2 protein chains.
Amino acid sequence: MEDSKIHLSEEQKTLVERLGMTYERSGMTQVASRILGLLLVSEDPDLTFDQLQATLGVSKSAISNSLNFLINTNKIEEISRLGERKRYFRSKVLQWKEEIKKSSSQMTQFTDLLKTVLKQRPGNTLEFNQNLAELIDFMEFMREEMPMLFKKWESRKK
Amino acid sequence: MEDSKIHLSEEQKTLVERLGMTYERSGMTQVASRILGLLLVSEDPDLTFDQLQATLGVSKSAISNSLNFLINTNKIEEISRLGERKRYFRSKVLQWKEEIKKSSSQMTQFTDLLKTVLKQRPGNTLEFNQNLAELIDFMEFMREEMPMLFKKWESRKK
DNA sequence: TTTTTGGTTCTGTACCAAGAGAACCAAATT
DNA sequence: AATTTGGTTCTCTTGGTACAGAACCAAAAA
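What comes next is a walk through the structure. Note that the structure is a prediction, hence the values are computed from the model and not measured.

### Details of the relation of the copies chain B and chain A
So, step 1. The transformation that overlays chain B on chain A combines an axial shift of 0.0 Å with a rotation of 179°, and the residual RMSD is 0.6 Å. The superposition of one copy onto the other is thereby described by a two-fold rotation axis. Within chain B, the C-alpha atom positioned nearest to the axis of rotation is that of G27(B), 3.7 Å from it.
So, step 2. A shared binding surface is used by both copies, with 100% of the interface residues of chain B retained as interface residues in chain A.

Here's what the structure looks like:
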């Protein structure tokens, strides 16, 4: 495993770190976050295990665990190249359309829970109940509207 | 501090716990999550420090820390009642409209970061760059559309 | 002034998760 | 058959955090 560290300009390093911070805020580990950042910033969008390790300067286990996590949570994908044994990893951030569709079913679940809450509430807390009903209604509205919004966006594209 | 435990039906207890699980999944602590759940389920939407403590059956410090956390992250608000010293706490989940507006500015920030990434990318990764540009475009589109969506929703309401 | 109320802060413990480092292993290469 | 490559898995350390319990404290009440 020779030194396959990728060269990054100062600006690129900063970007990897800033993207990393953004992902960390959503609860990801530092290493996983930086992998995602690096996969967006690096010139080649497909990087190998050892390129990631050498560039980020962390242990193999950290990379291995993070890659598995990112694959399980559908943030990256594995690419194999013909005639090559080693695998390449690519960010799936750019396949965001599917993600959005999945989040719709999560939303439905939460909405259902809120409906149950509303149903068992006493009738005397009028304003509260109305606000809750509004929230539920809005979430359902959004779920219905999303497909149309998508169409609108697509047709608007140059 | 007499026993100010709130009585909850079995269904209500289950709901507090299920709401709690939902919040925990988003990274909140157990106590903070259950406070949020309880504030949605309890008959009175405004609860005091000791009602929370007695009902959830945890230590004062746990309540104190969680309440501070929830206030800092804007999930609950403090209410004072005239002539009363003790404070009441209320969930802000139902003030979701403001939250949505704030999330729009967060989105702008992330979009800006992605724009910076795109700008410094080499020109030879065409598909990648196009996908990234699309993502940026869609996020900006969403931000623009939100106000209109809101209007549409409001006018549709019975 | 003393006591009570409504909390906050400090200290200690227990747990958990991230990451390092090394051992390990299967497939490919020599 | 021996070695190298491309990782995975195991163990250990470290750091952080949630929570309990108790001490503490300021404002209000008595």
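### What to know about the protein's contact with DNA strand C
So, step 1. By nearness alone, 16 residues border DNA strand C, and S59(A), S61(A), K60(B), S64(B) and R85(B) come closest of all.
So, step 2. A share of 57% of the atoms of DNA strand C within 4 Å of the protein falls on sugar and phosphate groups.
So, step 3. Between DNA strand C and T29(A), the relevant distance is 3.5 Å, taken from a phosphate oxygen to a side-chain nitrogen or oxygen of the residue.
So, step 4. Between K60(B) and DNA strand C, the recorded distance is 2.2 Å, taken from a side-chain N or O atom to a base nitrogen.
So, step 5. Listed by contribution, the elements that provide at least two residues to the surface near DNA strand C are α2 (30–41) and α4 (60–72) of chain A together with α4 (60–72) of chain B.
So, step 6. Residues of the surface near DNA strand C, tallied by class, amount to five nonpolar, six polar and five charged.

Rules of the game
Residues numbered from 1 in each chain as written. Chains lettered and ligands numbered in written order. Predicted model: local features only at pLDDT ≥ 70, side-chain atom pairs only at ≥ 80, totals over all residues. Heavy atoms only, no water. Least-squares fit on C-alpha atoms with pLDDT ≥ 70 in both. Contact = heavy atoms within 4.5 Å. Near = heavy atom within 4 Å. Polar contact = N/O pair within 3.5 Å; in protein donor to acceptor, adjacent residues only side chain to side chain. Helix = DSSP H or I, 4+ residues; strand = E, 2+ residues; numbered from the N terminus. Nonpolar A, V, L, I, M, F, W, Y, C, P; charged D, E, K, R; others polar.

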